[in-house]
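In case you want the letters, here they are:
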Amino acid sequence: MLMKIYNTLTRKKEEFKPLEGKKVRMYVCGPTVYNYFHIGNARAFLVFDAFRRYLEYRGYEVTYVQNFTDIDDKMIKRAEKEGITVKELADRFIQEYFKDADALGIKRADYHPRATEVILDIIEMIKTLMDKGYAYEVDGDVYFKTRKFKEYGKLSHQNLEELEAGARIKVEDKKQNPMDFALWKKKKPGEPSWLSPWGEGRPGWHIECSVMARKFLGDTIDIHAGGPDLIFPHHENEIAQSEGATGKPFARYWMHIGYLNINDEKMSKSLGNFYTAREVIQKHDPEAVRLFLLSAHYRNPINFSYELIQQAEKGLERLYNALENLKHLESVAEERELTPQDKQLLNKFNAYKEEFIKVMDDDFNTADGVAVLFELVKEFNTNIDEKASRKVITAAKNLLLELGGVLGIIQQRGEEKLEEEIEKLIKKREEARQNKNWELADRIRDELKEKGIILEDTPHGTRWKKI
RNA sequence: GGCGGCAUAGCCAAGUGGUAAGGCAGAGGACUGCAAAUCCUUUAUUCCCCAGUUCGAAUCUGGGUGCCGCCUCCA
């Protein structure tokens, strides 16, 4: 069965066939590194990270590119405000990006190019566009001639006339048409600049992605993805530039997530309803954030609140409890021949796995994937105990970790060790319980709780966990 | 004006023709020395409203109501 992917270009779910065998060329628009990224950005990075993981899980060989925009108006403004260079600003927030992205379990891309690293390639592409009549220069600025690109508007499903009619931007005298956009911007005093055939200046925003995608992935890529606000104008413009320059289709599948809102309103600085990913993961388990964001369909809008993150945290706890229980059972169960019941259980596990694949194959339905994980946990909690063969327990544990790994959850908490002193206390409490000295046992339990160790007495021994 | 999305239990949320997943919260019960974890039962005769198509609709069609987004930098 082929996977299906919803394509913004056709507004339909399509069967996913990469250009070349099992190779997938994937480009995701990255952040402008003038600040910490916010929780809305996080949704995009995290969702597409999960899709990449799933594609790899399904045996695709994914080349994943995510850029850093390190030169634009916002960068210049912020650097000026901070009294540092644009380069220093970029270096700093690229580092900060990786701190937060790593914490959220977002895997590193194969390539993380910066716009300023590909200036020569940008100039080359602009030259090509000028040669082909898709661009024109006016006094050191270069613009893309949207009227020349016949399919302009095909991604956002607008036609140029309507766009022009609805254009709220001021008509700049320099542009031939209000929808034309800058490929190259003439240097203003004090701005970083590069030498070009049109004089000193810097690239426009849209051209960098066209160039980086092509440089690292080729003329035609499989998946181009990003936030919903990029559909127009950014991705529309990328198509115009890339297809204008190469004459080939730019991206075969365009994927866009839904907005992340705060109280049903778009998150924006002017409304003051703005959360950086960093402040959220300082307060809550990053895996809970992942679980929260993957619990809804990626194309639907999602409302952010700390209350909902807390709900997700509880759910995550349930998953971890199951995992910890399995680990504990594994340590006490015996290795023995599989009974027919054991075999039946293993078959069931396999059915859950197939269900997971079935729902994820259908346009990455992570919400259903998460549901399968919870159903699996219920199955384990109900039907596996210390009498099960260790083989079954290990298989259960591995499946939970395997499917959780695809979504990037239940991966963080590893094997923890206890200090000797605490182990002694736990033993002491065991003895007290043997002697039915409940008072002492409870006192030790309370004492350990204050130290962040929770004890749970199970039929097959005491289990501990850290909070 | 053009384009588009959404409306499912207290909360979150999946489900696009076959008789309402999953999570959180709540109630009752089991287990436990007590807890915790876990399990069982329970919580939408019903999916914004009206009409229609159909043997059958949350899912399709028409109409209505409400909310939101894009068309301008933004993931």
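To start, this report covers the structure provided alongside it. (Residues numbered from 1 in each chain as written. Chains lettered and ligands numbered in written order. Predicted model: local features only at pLDDT ≥ 70, side-chain atom pairs only at ≥ 80, totals over all residues. Heavy atoms only, no water.)

**What to know about the protein's contact with RNA strand B**
Just so we agree on the cut-off: Note on definitions. A residue lies near a molecule or strand when any single heavy atom of the residue is within 4 Å of it. Throughout this description, a polar contact denotes any pair of N or O atoms lying within 3.5 Å of each other; where both atoms belong to protein, one of them has to be capable of donating a hydrogen while the other can accept it, and for residues adjacent in sequence the pair is counted only when both atoms sit in side chains. The numbering of helices and of strands both runs from the N terminus, where a helix is a DSSP run of H or I of at least 4 residues and a strand a run of E of at least 2.
Inspection of the region around RNA strand B gives 53 residues, with Trp205, Gly227, Leu230, Lys266 and Asp368 positioned closest. Taking all atoms of RNA strand B within 4 Å of the protein, the share assigned to sugar and phosphate is 66%. Note that a sugar or linking oxygen of RNA strand B is positioned 2.7 Å from one of the side-chain N or O atoms of Asn41. Asp457 is positioned with one of its backbone polar atoms (N or O) 2.7 Å from a base nitrogen of RNA strand B. Looking at the surface near RNA strand B, the elements with two or more residues in it are helix H1 (39-57), helix H5 (160-166), helix H10 (306-332), helix H12 (366-383), helix H14 (420-434), helix H15 (438-450) and strand S14 (453-458). The leading source of residues in the surface near RNA strand B is H12, at eight residues.

**Details of the pattern of salt bridges**
As a reminder of what qualifies: What makes a salt bridge here is a side-chain nitrogen of Lys or Arg within 4 Å of a carboxyl oxygen of Asp or Glu, nothing more.
Per the stated rule, a full pass over the model turns up 50 salt bridges. Glu456 is the partner of Lys465 in a salt bridge, and the nearest nitrogen-oxygen pair spans 3.5 Å. Here the salt bridges share partners, and the residues they tie into one network are Arg52, Glu56, Lys107 and Asp110.

**A look at helix H2 (residues 73-82)**
Residue pairs spaced three or four apart in an α-helix point in one direction, given the helix's 3.6 residues per turn. In plain terms, the rule: Accessible area is worked out with a 1.4 Å probe on protein chains only. A residue is then buried under 20% of its type maximum, exposed over 50%, and partly exposed in between. Contacts are assigned to residue pairs that have any heavy atoms within 4.5 Å of one another.
Along H2, the residues that are buried comprise Met75, Ile76, Arg78 and Ala79. Where H2 is buried, its residues contact helix H3 (86-103) and strand S8 (201-203). One side-chain oxygen at the N-terminal end of H2 lies 3.1 Å from the backbone nitrogen of Lys74; it belongs to Asp72. After H2 finishes, the residue Gly83 shows a positive phi value of roughly 70 degrees.

**A closer look at the sheet that holds strand S12 (residues 265-266)**
Quick note on the threshold: A pair of strands is considered paired only if DSSP assigns at least 2 bridges between the two.
The mixed open sheet is built from three strands, whose spatial order is S12-S11-S13. The open sheet has two edge strands, S12 and strand S13 (302-304), and neither has a second partner. Relative to S12, strand S11 (residues 260-262) is paired through two bridges, and the arrangement is antiparallel. Bridge assignment links Ile262 to a residue of S12, and that residue is Glu265.

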